[in-house]
Amino acid sequence: MYLLSNRERINAPSYDQALLWVVLLLLGFGLVMVYSASIALAEADKLTGHQSAYFLIRHAIYLVVAILGALLAFQIPTRTWQRFAPYLFIGCLGLLVIVLIPGLGREVNGSRRWIPMGIATIQPSEFMKLFATIYVADYTVRKAAFLASLTKGFMPMLAVMLVVGGLLLREPDFGAFAVIAAISVSILWLGGINGRIFAGLLGLLVVGVIGLIWSSPYRLQRITGFWDPWADPFGKGYQLSHALIAFGRGEWFGVGLGASVEKLLYLPEAHTDFLMAVIAEELGFVGVAAVMLMFAWIVLRAFGIGKEAVSYEHHFSALLAQGIGIWIGVQAIINMGVNVGLLPTKGLTLPLLSFGGSGIVANCIALALLLRIDWENRRLAKGVPV
């Protein structure tokens, strides 16, 4: 980190303005695209009262709640988040148990992932991504002296993650499990886990994923449909084939905002899991590239902020910042990979963009923590304690 003069330290902005604007731009763009992708569905569904703006209004409410939650989260020092990390994690683990209890958890399309809360529902797996990131960062710092030990450093975390994975797979929510596993493994690696243990963990994950796929006819069908969606375009390959049609129609500059054909009840989950396909159709390669560049910017800034925190020996903040970057990056890559047929279909939304209250709130709180870490770094650069 280069040294700043006293004048530069005093006049430097107190937060990362570029990062904030990129996040707000993605949120605003997501609002527009969710409305565009959901109009036909809202007008056709009697549960929405055939109101074209149904999903727009709900998504706007989610954004307000998410921004208020982010503003509150930003006010809390990172040391406080670290102190309460185990309690937040255990509390969210309890929600993962509650969602599986018949009568308490809501089942939709064969998956039990939601807890009704009056006028809204909570999806615990989205918040588990946030609290698992905080918890693993705290665990890695607390167990830094034992990360080279299989029994004292690695096995306790493996046991905890197996419990989380077991609960998520019971819903089932394989996508959330994959993201949380990627976050946990990456933070442990960045924290200095023994190389042989890390290699063994990667091998174990590969074997485990293959085992989960082969043991479930449902997952196996998704894999076979992903390999060749055109072999069964009206069955297993239906979603992917229509997503690929949307990408093909978009070409370089798209067919125009609001002019998508695939969103007219051809492409399922157009406003959630397959929002990127609608973006590709309406705004073309240029629109997709712009979204990808914004996500890349967030990930790079997360690692840059983490590196700055290391220079001040704030190791929890560093691992948390990098964990948030990994979370956003991995989930965005998986969602985009599913949309273009590079990965099997998963129930993962596009961060900051797709429709979904719990996901938007969790994403915004996570990025508020990232901005808080950057704010604390800038305070330390000016010689002000945090």
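Now for a quick tour of the structure. Not measured: the values here are computed from a predicted model.

Another point: unusual backbone geometry. At the junction of Glu171 and Pro172, the peptide bond is cis and its omega measures out at -5° in the coordinates. On the secondary structure map, Pro172 appears in the loop between helix 6 (150–170) and helix 7 (174–190). Its identity is not glycine, yet Leu265 carries a phi of approximately 70°, on the positive side. Unlike most non-glycine residues, Leu352 shows phi in positive territory, near 70°. The buried category is assigned to Leu352, whose relative accessible area is 0%.

The next thing to look at is the packing of helix 7 against helix 12 (residues 315–339). Remark: helix 7 packs on helix 12, axes separated minimally by 9 Å, with the N-to-C direction vectors making an angle of 145°. In this structure, helix 7 meets helix 12 at a crossing whose hand is right-handed. Taking contact as the criterion, the partners of Val179, Ala182, Ile183, Ser186, Ile187 and Leu190 in helix 7 are, on helix 12, Leu319, Gln322, Gly323, Ile326, Trp327, Val330, Gln331 and Ile334. Looking at side-chain class alone, the contact of helix 7 with helix 12 contains 10 nonpolar, 4 polar and no charged residues.

Our next topic: the sheet that holds strand 3 (residues 120–122). Taken in spatial order, the 3 strands make up an open sheet running 1-2-3, and their pairing is antiparallel. The open sheet has two edge strands, strand 1 (106–108) and strand 3, and neither has a second partner. The mean inter-strand angle of the sheet, taken between neighbouring strand axes irrespective of direction, is 50°. One ladder, built from 3 bridges, connects strand 1 with strand 2 (residues 111–117); its direction is antiparallel. Across the sheet, residue Glu107 finds its bridge partner in strand 2, namely Arg112.

Here strand 1 hands over to strand 2 after 2 residues, with Asn109 in that stretch at a positive phi of 55°. Alignment of strand 2 against strand 3, held across 3 bridges, turns out to be antiparallel. Directly across from Ile115, in strand 3, lies its bridge partner Ile122. Counting the residues that bridge the hairpin from strand 2 to strand 3 gives 2 residues, and of these Gly118 lies at a positive phi of roughly 75°.

We now examine the pattern of salt bridges. A full pass over the atoms with the stated rule returns 9 salt bridges. In this structure, Glu281 engages Arg249 in a salt bridge whose closest nitrogen and oxygen atoms are separated by 2.3 Å. With Glu281 in helix 11 (residues 275–311) and Arg249 in helix 10 (residues 238–250), this pair connects stretches of sequence that are 32 residues apart. Two residues, Arg372 and Glu376, come together in a salt bridge whose shortest N-O distance is 2.9 Å. Here Arg372 pairs with Glu376, and both are found in helix 13 (residues 357–381), just 4 residues apart, close to one helical turn. For Arg372, a relative accessible area of 8% corresponds to the buried category. On the accessibility criterion, Glu376 (2% relative accessible area) is buried. If you follow the salt bridges from partner to partner, you end up with Asp16, Arg301, Asp374 and Arg378 in one network.

Helix length check: helix 11 (37 residues) gives 39 Å between terminal C-alpha atoms against 54 Å at 1.5 Å per residue, more than 12% under. Most pronounced at Leu283, the bend in helix 11 amounts to some 130°. Phi turns positive, to about 60°, at Glu313, one or two residues after helix 11.

Turning our eyes to something else, we now look at the packing of aromatic side chains. Scanning all chains against the criterion turns up 9 aromatic pairs. Ring centres 4.4 Å apart and planes at 15° place the aromatic pair Phe89 and Tyr135 in the stacked group. Residue Phe89 is located in helix 4 (residues 78–98), and its partner Tyr135 is located in helix 5 (residues 124–142); the two are separated by 46 residues in the primary sequence. Across the pair, Tyr135 and Phe89 agree in class, each one buried. Ring centres of Tyr135 and Tyr139 lie 6.4 Å apart, and the angle between their planes is 35°; this geometry places the pair in the tilted category. Remark: Tyr139 and Tyr135 occur in helix 5; sequence separation between them is 4 residues, near one turn of the helix. A relative accessible area of 11% means that Tyr135 is categorised as buried. Here Tyr139 falls in the buried class, since its relative accessible area comes to 3%. The rings of Tyr54, Phe55, Tyr62 and Phe355 are connected pair by pair, giving a single aromatic cluster.

Rules and cut-offs
Here the residue numbers are simple positions, counted from 1 along each chain's written sequence. A pLDDT threshold of at least 70 governs which residues receive local features in this predicted model, and a stricter bar of 80 or more applies before side-chain atom pairs are shown or counted, although totals over entire chains, interfaces and linings include all residues. Hydrogens and water are ignored here; the side-chain numbers use all heavy atoms of the structure. Helix and strand labels come from DSSP, where a helix needs a run of H or I of at least four residues and a strand needs a run of E of at least two; each type is numbered from the N terminus. Buried means the residue's accessible area, taken with a 1.4 Å probe over protein chains only, is under 20% of the maximum for its type, while exposed means over 50%, and partly exposed covers the values in between. The axes used here are C-alpha line fits, helices contributing only the stretch in contact, and every angle between their N-to-C directions lies in the interval 0 to 180 degrees. The hand of a helix crossing depends on one turn: near helix anticlockwise from the far one by less than a right angle means left-handed, and clockwise means right-handed. What makes two residues a contact is simply this: any of their non-hydrogen atoms within 4.5 Å. Ten residue types, Ala, Val, Leu, Ile, Met, Phe, Trp, Tyr, Cys and Pro, are classed as nonpolar, four, Asp, Glu, Lys and Arg, as charged, and the remainder, Gly among them, as polar. Pairing between strands is defined by DSSP: at least two bridges between them are needed. Put simply, a salt bridge is a Lys or Arg side-chain nitrogen that is within 4 Å of an Asp or Glu carboxyl oxygen. By this rule the span expected of a helix is its residue count minus one, scaled by 1.5 Å. What the bend at a residue measures is the angle between two axes, fitted to the seven residues ending there and to the seven starting there. Two aromatic rings, drawn from Phe, Tyr or Trp (for Trp, its six-membered ring), form a pair once their centres lie within 6.5 Å of each other, and the interplanar angle then sorts them: stacked below 30 degrees, edge-to-face above 60, tilted otherwise.

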